Amino acid sequence: MFVSSRIASMSESATLAVGAKVAAARAKGRDVVAFAMGEPDFDTPGNIKRAAIDALEKGMTKYAPTPGDKAAREAIAAKLTNENGVATSFDQVTVTVGAKHAIYMALQAIIEPGRGDEVLLPTPAWVSYKPLIELAGARCVEVAGSVERGFRITPAELAAAITPRTVGIVWNSPSNPCGIAYPADEVRALCEVLARHERIAVISDEIYEKLIYPEIDPGLAHVSPGAHPALAARTITVNGMSKSYAMTGWRIGYMAAPKAMATELIKLQGQMTNSIPSFFYPAILEALTNSAAGVEAMRVKFAARARLIHDELATIPGFRTPRPNAAFYAFPDVSAHFGKTSPGGVRIDGAQSFADALLAEADVAVVPGEDFGACARGHIRFSFACSDENIVKGVGRVRAWVAKLA
Ligand code: PMP
Ligand code: GLU
């Protein structure tokens, strides 16, 4: 059967591919320590589950309005307005099938295929942005952050990447895979650059917003570009339940856009998926209005793990790891080991072969850096959304394996 070139040429999600390899190895009985998928190891808090179960039992089983039920959209609008300074009314909100679906739709809406559009992507960046930018018909222009600057790009670097063809930027702080959040003043300085270019739409993926560790970098706080007065009318703010509320499998995300854009996005969603399952809406409401203590308890644990994994990785010769201060990722540069041969006889010629050999020979799963951007080719990603015991055991295995590279 014919497959369109835009799908045939698209790369598979590297994060999901490693997740599948872990599942296959475990099915064969192997004791794999997985630093692979970016997914909290915690279960969804009980009050959130109960809200969905009650709704299901009460018969909330019919189609809901395409962008979501009003109460949930009002709660999201209130959250964005009060917590993020992104003034939002409920009719600007669309509840989506995960943040991934929101990003897909936002890109479809801002890009005109065949016009030579360019979308800026500060890198290293999550593996799905570039394929989705390209699928929508634009060229992805990577703006590389350096390890030395903790992966953060500067206003001058951003300004230098803007051309008359730039139609948008995908912004992601806190960042997957960097495990860092930009300081507030740096976000504002980057927003000032974008403010000077009226045609640039901002897609701000804030899915790790709640996972910021001021106990590691004092004063660190989240800033939403949509709160900048000059950007409010051209920012689509994306967020979701997956990470903060340990709800990855529920597939619930959301986005808020200026009213005219929101109407177009809802039109697309109406032709594409319609509403998410209707009995999830009370769970969204419960999460946003009655779960702050549970979220904070998870955040505190992630902060402790960020310190632990950084200290552990620091003991491995040849690993250069900017200190994570947000999300649940550490992203060391391991290129000092490229050109060596593994104990099992594999020539390590890049991050992919490093990760493959590590999984095959030491039963540790990490995501290779290649698909996080050209500047990330020397890196591997550790997700530390796993127990302290796994962190110590897994990094211990990496250390022992690296010591045998020759
Ligand atoms: N954005 C980033 C940066 C992510 O790491 C992920 C991974 N889940 C997503 C969006 C998508 O999240 P979801 O679709 O589960 O809401
Ligand atoms: N975002 C997570 C990750 O990066 C989950 C998998 C995915 O959707 O990419 O591992």
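Scope of this entry: the structure provided in the associated data block. (Residues numbered from 1 in each chain as written. Chains lettered and ligands numbered in written order. Predicted model: local features only at pLDDT ≥ 70, side-chain atom pairs only at ≥ 80, totals over all residues. Heavy atoms only, no water.)

1. Here's the deal with the state of the cysteines
Part 1: Across all of its chains, the model carries 0 disulfides by this definition.
Part 2: Unpaired in this structure, Cys140 has its nearest cysteine sulfur neighbour in Cys375, at a distance of 11 Å.
Part 3: By relative accessible area, Cys140 is classed as buried at 9%.
Part 4: The thiol sulfur of Cys375 is not disulfide-bonded, and the nearest other cysteine sulfur, from Cys178, lies at 7.6 Å.
Part 5: Relative accessible area serves as the criterion here: at 28%, Cys375 is assigned to the partly exposed category. (Disulfide = S-S within 2.5 Å. Buried < 20%, exposed > 50% of the residue type's maximum accessible area, 1.4 Å probe, protein only.)

2. Here's the deal with the environment of Pro40
Part 1: Within the element layout of this structure, Pro40 appears in the loop between strand E1 (33-34) and helix H3 (46-57).
Part 2: On the basis of relative accessible area, Pro40 is assigned to the buried category, the value being 7%.
Part 3: C-alpha of Pro40 to C-alpha of Lys243: the two residues are 203 residues apart in sequence and 6.4 Å apart in space.
Part 4: Those residues in contact with Pro40 that sit more than four places away from it in its chain are Ser242, Lys243, Ala246, Thr248, Phe302, Phe328 and Ala385. (Helix = DSSP H or I, 4+ residues; strand = E, 2+ residues; numbered from the N terminus. Contact = heavy atoms within 4.5 Å.)

3. Examining the nonpolar core
Part 1: Phe35, Leu107, Phe319, Phe354 and Phe382 are the most contacted members of the largest nonpolar core, which has 106 residues in total.
Part 2: If sequence neighbours within four positions are ignored, Phe35 has contacts with Ile309, Val364, Ala365, Val366, Arg381, Phe382, Ser383, Cys386, Asn390, Ile391, Gly394 and Val395.
Part 3: Leu80, Val95, Met247 and Trp250 belong to the second largest nonpolar core, which has 27 residues in total. (Core = buried A, V, L, I, M, F, W, Y, C linked by side-chain atoms within 4.5 Å.)

4. Considering the site of ligand 2
Part 1: In the vicinity of ligand 2, the contacting residues are Thr15, Leu16, Met37, Gly38, Lys100, Trp126, Asn176, Lys243, Tyr329 and Arg381.
Part 2: Within the backbone of Gly38, an N or O atom sits 2.7 Å from an oxygen atom of ligand 2.
Part 3: Starting from 280 Å² of accessible surface for ligand 2 in isolation, the protein chains cover 89%.
Part 4: Of the residues assigned to the shell around ligand 2, the class counts are 4 nonpolar, 3 polar and 3 charged. (Near = heavy atom within 4 Å. Polar contact = N/O pair within 3.5 Å; in protein donor to acceptor, adjacent residues only side chain to side chain. Areas by Shrake-Rupley, 256 points an atom, 1.4 Å probe, with all protein chains shown as cover. Nonpolar A, V, L, I, M, F, W, Y, C, P; charged D, E, K, R; others polar.)

5. Some thoughts on the packing of helix H12 (residues 351-362) against helix H13 (residues 388-403)
Part 1: The geometry of H12 relative to H13 is characterised by a closest axis approach of 11 Å and an angle of 105° between their N-to-C directions. The pairing of H12 with H13 is recorded here as roughly perpendicular in orientation. Across the interface between the two elements, Phe354, Ala357, Leu358, Glu361 and Ala362 of H12 pack against Arg397, Val398, Trp401 and Val402 of H13.
Part 2: Its residues placed into classes, the contact of H12 with H13 shows 7 nonpolar, no polar and 2 charged. (Axes fitted to C-alpha atoms, helices over the stretch in contact; angles between N-to-C directions. Parallel < 35°, antiparallel > 145°, perpendicular 65-115°, else oblique.)

6. Comments concerning the packing of H3 against helix H10 (residues 281-290)
Part 1: Packing of H3 against H10 leaves a shortest axis separation of 7 Å and a crossing angle of 150°. With respect to H10, the axis of H3 lies roughly antiparallel. Read as a crossing pair, H3 and H10 show a hand that is right-handed. Note on element contacts: H10 touches H3 through Pro282, Ala283, Glu286, Ala287 and Asn290, opposite Asn47, Ile48, Ala51, Ala52 and Ala55.
Part 2: Grouping the amino acids of the contact of H3 with H10 by side-chain chemistry returns 7 nonpolar, 2 polar and 1 charged. (Left-handed = near helix turned anticlockwise from the far one by under 90°.)

7. Considering the sheet that holds strand E9 (residues 329-330)
Part 1: Judged by pairing direction, the sheet is antiparallel, and its 3 strands sit side by side in the order E9-E12-E11 without closing on themselves. The sheet is open, and its two borders are formed by E9 and strand E11 (367-368), each paired with just one other strand.
Part 2: Note: E9 against strand E12 (residues 380-383), 2 bridges, orientation antiparallel. Following the sheet pairing, Ala330 is matched in E12 by Phe382. (Pairing = 2+ DSSP bridges.)

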